[in-house]
Amino acid sequence: MRLSLFAVAVASSLLVMGCGTTFVSTRAVEPVLVASAQSPAEMRAAIIRALQFRKFSPESEVEGRIIAHLDHGDVRLQIAVEYAPTQYAVRYLSSTGYATETAPSGEVLVEKRWVTQAKALNSRIAEEMKVPAREAAAAARQEREYQLMIEQQRTAQAQADAQAAAAANGQPVGPPPSSGVSAGQVAGAGAIVLQAVIPTGGINLHAGSYRCELNGVHYTCPNQDALNHCIQVGPSGCTRDPGQPRH
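Owing to the predicted nature of the structure, the values given are computational and were not obtained by experimental measurement. (Residues numbered from 1 in each chain as written. Predicted model: local features only at pLDDT ≥ 70, side-chain atom pairs only at ≥ 80, totals over all residues. Heavy atoms only, no water.)

**Student:** Explain the state of the cysteines to me, please; I cannot follow it from the model alone.
**Tutor:** Covalent bonding between the sulfur atoms of two cysteines is what defines a disulfide. The full count for this structure, using the stated rule, is one disulfide. Sulfur-sulfur distance for the disulfide between Cys 221 and Cys 238 comes to 2.0 Å. Between Cys 221 and Cys 238, the S-S dihedral sits near 100°, and the bridge is therefore right-handed. Placement of Cys 221 in strand E13 (residues 217–221) and of Cys 238 in the loop between helix H5 (224–232) and strand E14 (239–240) is noted, with a sequence separation of 17 residues between them. Accessibility expressed as a relative area gives 1% for Cys 221, which makes it buried. (Disulfide = S-S within 2.5 Å. Helix = DSSP H or I, 4+ residues; strand = E, 2+ residues; numbered from the N terminus. Buried < 20%, exposed > 50% of the residue type's maximum accessible area, 1.4 Å probe, protein only.)

The structure is reproduced here in structure tokens:
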């Protein structure tokens, strides 16, 4: 019922002048409802990114409200973006360079161009709110790829241990079955690259054979735990390899 009354109020305050200029209420842009409640930090970040994308300049901010303006030639539009976990709204504050008209009710109307800018900003906020979901999906994909790499390393380690045990017992040692870990680089998500070092004569994944590359710098790790720590936290348990050029 409230939305219906709002629509009637907006419709009754819209005027079309003889020169072709359309005037609308300063309340012509309705709040946008959010399907899933957002944290204040996520909502604020999405709004700020949207303001930057639409070239609005911020002026001031209080909790739940950001004031900004858009300059375009001799026109300036000042708006406020008010937000809560389940909705956000672009509010008209003032303008210069936009024509105005007084409605029979006494309300001051503004030419419709301000609504175009407000709706474009609303759409961009909606797009920016999808960013955390995309980041979460990317993080989940990275975690799956990381776990796959670890499993491949464990498989290669088990095969190497089995071959070493067979050789110690005097049993013939043939080429190891394929483990899914190739000589050289095993690509992971992001900037992390693992290398399984395969010297001549077979696979050796024991001490000193794990290498971790972070941001183009190579590190030699003594064991699997140090390699995992290098990937997840940092190379504190590994030694920088000066013989490897930085990418």
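**Student:** What is the right way to read the sheet that holds strand E6 (residues 75–84) from this model?
**Tutor:** Note on sheets: strands pair through backbone hydrogen bonds, and any given pair is parallel or antiparallel. On the basis of which strands lie adjacent, the open sheet formed by five strands has the order E3-E7-E6-E5-E4 and antiparallel pairing. Across the chains shown, the open sheet's two edge strands, defined by having one partner strand only, are strand E3 (32–33) and strand E4 (57–62). Pairing of E4 with strand E5 (residues 65–72), which is carried by five bridges, proceeds in the antiparallel orientation. In the strand pairing of E5, Ser 57 is matched with His 69. Its contacts with the sheet put helix H2 (residues 40–53) on E4, E5, E6 and strand E7 (87–96), and the angle it makes with E6 is roughly 165°. Where helix H3 (residues 113–128) meets the sheet, it contacts E3, E5, E6 and E7, and its direction lies at approximately 150° from that of E7. (Pairing = 2+ DSSP bridges. Contact = heavy atoms within 4.5 Å. Axes fitted to C-alpha atoms, helices over the stretch in contact; angles between N-to-C directions.)

**Student:** Even after reading the chapter, I still don't get the packing of aromatic side chains, so can you show me in this structure?
**Tutor:** For any pair of aromatic rings, geometry is given as the distance between the ring centres together with the angle between the planes. The tally for this structure, following the rule as stated, stands at one aromatic pair. Here Arg 124 stacks its cationic end above the ring of Phe 53, 3.7 Å away from the centre of that ring. (Phe/Tyr/Trp six-rings, centres within 6.5 Å; stacked < 30°, edge-to-face > 60°. Lys NZ or Arg CZ within 6 Å of the ring centre and 35° of its normal.)

**Student:** Even after reading the chapter, I still don't get the packing of H2 against H3, so can you show me in this structure?
**Tutor:** Geometrically, a packed helix pair is captured by the angle between its two axes and the distance between the axes. Running from N to C, H2 and H3 point in directions that differ by 130°, and their axes come no closer than 8 Å. The angle between H2 and H3 falls in the class oblique. In this structure, H2 crosses over H3, and the sense of that crossing is right-handed. Seen from H2, the contacting residues are Ala 46, Ile 47, Arg 49, Ala 50, Leu 51 and Phe 53; seen from H3, they are Leu 121, Arg 124, Ile 125 and Glu 128. For the contact of H2 with H3, the per-class residue count stands at seven nonpolar, no polar and three charged. (Parallel < 35°, antiparallel > 145°, perpendicular 65-115°, else oblique. Left-handed = near helix turned anticlockwise from the far one by under 90°. Nonpolar A, V, L, I, M, F, W, Y, C, P; charged D, E, K, R; others polar.)

**Student:** Honestly, the pattern of salt bridges in this entry has me stumped. Any pointers?
**Tutor:** Any two side chains of opposite charge can pair, on the condition that their charged atoms come close. In the structure shown here, the tally under the stated rule is nine salt bridges. A salt bridge links Arg 27 to Glu 107, with the nearest nitrogen and oxygen atoms 3.8 Å apart. In this pair, Arg 27 sits in the loop between strand E2 (22–24) and E3 while Glu 107 sits in the loop between strand E8 (100–102) and strand E9 (108–111), placing the two residues 80 residues apart along the sequence. Accessibility expressed as a relative area gives 37% for Arg 27, which makes it partly exposed. Between Glu 61 and Arg 44 there is a salt bridge; the shortest N-O distance is 2.5 Å. Placement of the pair is Glu 61 in strand E4 and Arg 44 in helix H2, with a sequence separation of 17 residues. Residue Glu 61 is classed as partly exposed on the basis of its relative accessible area, which comes to 38%. Sharing partners across several salt bridges, the network here consists of Arg 49, Arg 124 and Glu 128. (Salt bridge = Lys/Arg side-chain N within 4 Å of Asp/Glu carboxyl O.)

**Student:** How should I be thinking about the pairing of E5 in this particular structure?
**Tutor:** Moving residue by residue along a regular strand, the side chains alternate between the two faces of the sheet. Following E4, the chain reverses through two residues before pairing antiparallel with E5; Gly 64 in that reversal takes a positive phi of roughly 80°. In the sheet, E5 pairs with E6 via eight bridges, with the strands oriented antiparallel. In the strand pairing of E6, Leu 70 is matched with Leu 77. Linkage of E5 to E6, two consecutive antiparallel strands, is achieved through a turn of two residues, within which Gly 73 is found at a positive phi near 65°.

**Student:** I would appreciate a short explanation of unusual backbone geometry in the present structure.
**Tutor:** Peptide bonds are, in most cases, trans, and in most cases residues other than glycine have a negative phi. Of note in the backbone geometry, Lys 55 takes a positive phi value of approximately 65° without being a glycine. Considering the arrangement of structural elements, one finds Lys 55 in the loop between H2 and E4. On the accessibility criterion, Lys 55 (65% relative accessible area) is exposed.

**Student:** Help me understand the nonpolar core, please; the structure alone is not making it clear to me.
**Tutor:** Inside soluble globular proteins, nonpolar side chains tend to come together where they are buried. Core analysis: the largest hydrophobic core is formed by 29 residues, its most contacted members being Ile 47, Leu 51, Ile 79, Val 81, Trp 114, Leu 121 and Ile 125. At the level of secondary structure, the elements contributing two or more residues to this core comprise H2, E5, E6, E7 and H3. Residues contacting Ile 125, with those up to four places away along its chain left out, are Ala 46, Ile 47, Ala 50, Val 81 and Tyr 88. If you look at the next biggest cluster of nonpolar residues, it comprises 14 residues, including Tyr 146, Ile 150, Cys 212 and Cys 221. (Core = buried A, V, L, I, M, F, W, Y, C linked by side-chain atoms within 4.5 Å.)

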